[in-house]
Amino acid sequence: MITDAKIQKAIREAVADFGQNEGLADKLIAWFEAVANGNENLVNKDSVSRRLDLLYENCLIDGEK
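Keep in mind it's a predicted model, so treat the numbers as computed, not measured. (Residues numbered from 1 in each chain as written. Predicted model: local features only at pLDDT ≥ 70, side-chain atom pairs only at ≥ 80, totals over all residues. Heavy atoms only, no water.)

A.B. asks: Quick question: what am I supposed to make of the nonpolar core here?
C.D. replies: Most often, soluble globular proteins have nonpolar side chains that are buried together. I11, V15, L24, A25, I29, W31, V48 and L55 together form the largest nonpolar core, which totals eight residues. With four residues, helix α2 (residues 22–36) is the largest single contributor of residues to this core. (Core = buried A, V, L, I, M, F, W, Y, C linked by side-chain atoms within 4.5 Å. Buried < 20%, exposed > 50% of the residue type's maximum accessible area, 1.4 Å probe, protein only. Helix = DSSP H or I, 4+ residues; strand = E, 2+ residues; numbered from the N terminus.)

So, in structure tokens, the structure goes:
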């Protein structure tokens, strides 16, 4: 299942509004799609932890560039 274009647009707009890199939006959309397709299990703490670490690494904090 491909994520609805409206959802992708909303994620991209939110990421941009908060001054984050476009790559973060790509990673959030990929995770959203993995969950929607059943390829990602939110109960598996190791999997969720790895994904969150990846997202945190891609977040800009306090005006970082």
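Back to the text.
A.B. asks: Just to check I follow, could you spell out the pattern of salt bridges for this structure?
C.D. replies: Oppositely charged side chains are able to pair whenever their charged atoms sit close together. Applying the stated rule across the entire model yields three salt bridges. We note a salt bridge from R51 to E40, for which the minimum N-O separation is 3.3 Å. With R51 in helix α3 (residues 45–57) and E40 in the loop between α2 and α3, the pair connects residues that are 11 residues apart, well separated along the chain. Here R51 matches E40 in class, with each residue buried. (Salt bridge = Lys/Arg side-chain N within 4 Å of Asp/Glu carboxyl O.)

A.B. asks: Help me understand the confidence of the model for the chain in this model?
C.D. replies: For the chain, the average pLDDT comes to 87, and 92% of its residues sit at 70 or higher. No element of the chain has a lower mean pLDDT than α3, at 89, and none a higher one than helix α1 (residues 5–17), at 95. (pLDDT = per-residue confidence, 0-100.)

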